[in-house]
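Summary of structural features
Chain by chain, the residues:
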Amino acid sequence: AVAFRTRSTPQAPAGPPSAPPSTPPLPVAVTPQPEVPKVEKEPVFNGRTAAQWAKELESKQPVARMEALYAIGRLAPAGQTVLPLVIGATKDPEWPVRSAAAKCLGAYGPLAREALLPLTELLQDNGSFHVKREAIVALGAMGCEARSSTLAIKPFLRNSSAHSETHAAEALCKIGGDGPAMVVERVDEML
């Protein structure tokens, strides 16, 4: 017996209709990611921020308080937030700490304008001429912000202790207003 093979025509496979040929995806607009703001590191002095140094102002050791004031002064202007604590140190019972506080405030210049009255009060300090000298220098560093202190500084133009004449003249010139005229008047008297 001979077997016959019938030819069949190919038929589409049963099932869902075939999908059209795939096309490449349309380009998608990419929204740029916002830049992450750079966080500036807070400045440090000897590995500590001004706020960390300010905690030392509560120390019972005057040397630790003085070291903290020195460090805060070195961190100017970044330590501006702790200036109220530095201003408080102008009332410290130890004159070297009061002197260091005045010097620290001088490093901030006009940024320490809230210290104008405490610095002017330090000109009456009985503890040491160092305190007065640093207060005069700090007031001079404030420039025109310290114009109200010129009359308090003027008597130091006649005081030869610890070169306060020189510091007073320099401060009055930096402050401006009537200050330079006071210096000229004193120079005329000396001539």
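Every residue gets a number counted from 1 within its own chain, in the order that chain's sequence is written. Per-residue local features of the predicted model are confined to residues with pLDDT of at least 70, and side-chain atom pairs are confined, for both listing and counting, to 80 or more; whole-chain, interface and lining totals are unaffected and use all residues. Heavy atoms throughout the structure, all of them, feed into the side-chain values; hydrogens and water do not.

In this section: the packing of helix α6 (residues 129–141) against helix α8 (residues 164–175). Where α6 contacts α8, the two axes come as close as 8 Å, and the packing angle between them is 20°. If you check the angle between α6 and α8, you find them roughly parallel. Classified by chirality, the crossing of α8 by α6 is left-handed. Where α6 abuts α8, its residues Arg133, Ile136, Val137, Leu139 and Gly140 lie against His167, Ala168, Ala171, Lys174 and Ile175. Its residues assigned to classes, the contact of α6 with α8 comprises six nonpolar, two polar and two charged. An axis is simply a line fitted to the C-alpha atoms; with a helix, the fit covers only the stretch in contact. Between two such axes, the angle follows the N-to-C directions and lies from 0 to 180 degrees. Going along the chain from the N terminus, every DSSP run of H or I of four or more residues is numbered as a helix, and every run of E of two or more is numbered as a strand. Each angle receives one of four descriptions, namely roughly parallel if under 35 degrees, roughly antiparallel if over 145, roughly perpendicular if within 65 to 115, and oblique otherwise. Crossing handedness follows the turn of the near helix against the far one: under a right angle anticlockwise gives a left-handed crossing, and clockwise gives a right-handed one. Contacts are residue-level and defined by heavy atoms, with any inter-residue pair within 4.5 Å sufficient. The nonpolar class holds Ala, Val, Leu, Ile, Met, Phe, Trp, Tyr, Cys and Pro. Asp, Glu, Lys and Arg form the charged class, and all remaining residues, Gly among them, are polar.

With respect to the element layout, arginine 133 can be found in helix α6. Within 3.5 Å is the distance limit for a polar contact, defined as a pair of N or O atoms, with the added protein rule that one can donate a hydrogen and the other accept it, and that residues adjacent in sequence qualify only through two side-chain atoms. There is a polar contact of 3.0 Å between the side chain of arginine 133 and the side chain of histidine 130.

Our focus in this paragraph is the packing of helix α2 (residues 62–74) against helix α4 (residues 95–108). At a closest axis distance of 8 Å, the pairing of α2 and α4 adopts a crossing angle of 10°. The orientation of α2 with respect to α4, classified from their angle, is roughly parallel. Two secondary-structure elements touch here, α2 through Pro62, Arg65, Met66, Leu69, Ile72 and Gly73 and α4 through Pro96, Val97, Ala100, Ala101, Cys104, Ala107 and Tyr108. Here the contact of α2 with α4 is composed, by residue class, of eleven nonpolar, one polar and one charged.

Within the element layout of this structure, serine 149 appears in the loop between α6 and α7 (150–153). Buried means the residue's accessible area, taken with a 1.4 Å probe over protein chains only, is under 20% of the maximum for its type, while exposed means over 50%, and partly exposed covers the values in between. Relative accessible area serves as the criterion here: at 0%, serine 149 is assigned to the buried category. Filtering out sequence-adjacent residues up to four positions away, serine 149 remains in contact with Leu116, Thr120, Leu139 and Ile175.

What follows deals with the environment of alanine 168. Along the chain, alanine 168 falls in helix α8. Taking C-alpha positions, alanine 168 is 8.6 Å from proline 155, a pair spaced 13 residues apart along the chain. Look past the residues within four positions of alanine 168 in its chain and what remains in contact with it is Ile136, Ile153, Phe156 and Leu157.

Further remarks concern the pattern of salt bridges. The rule for a salt bridge is simple: a side-chain nitrogen of Lys or Arg has to be within 4 Å of a carboxyl oxygen of Asp or Glu. Applying the stated criterion to the full structure yields eight salt bridges. One salt bridge connects glutamate 56 with arginine 48, and the closest N-O pair in it is separated by 3.3 Å. Classification of glutamate 56 as partly exposed rests on a relative accessible area of 27%. With relative accessibility at 25%, the residue arginine 48 sits in the partly exposed group. The shortest N-O distance in the salt bridge between lysine 91 and glutamate 121 comes to 2.7 Å. Within this pair, whereas lysine 91 is found in the loop between α3 (83–88) and α4, its partner glutamate 121 is found in helix α5 (residues 116–122), the two being separated by 30 residues in sequence.

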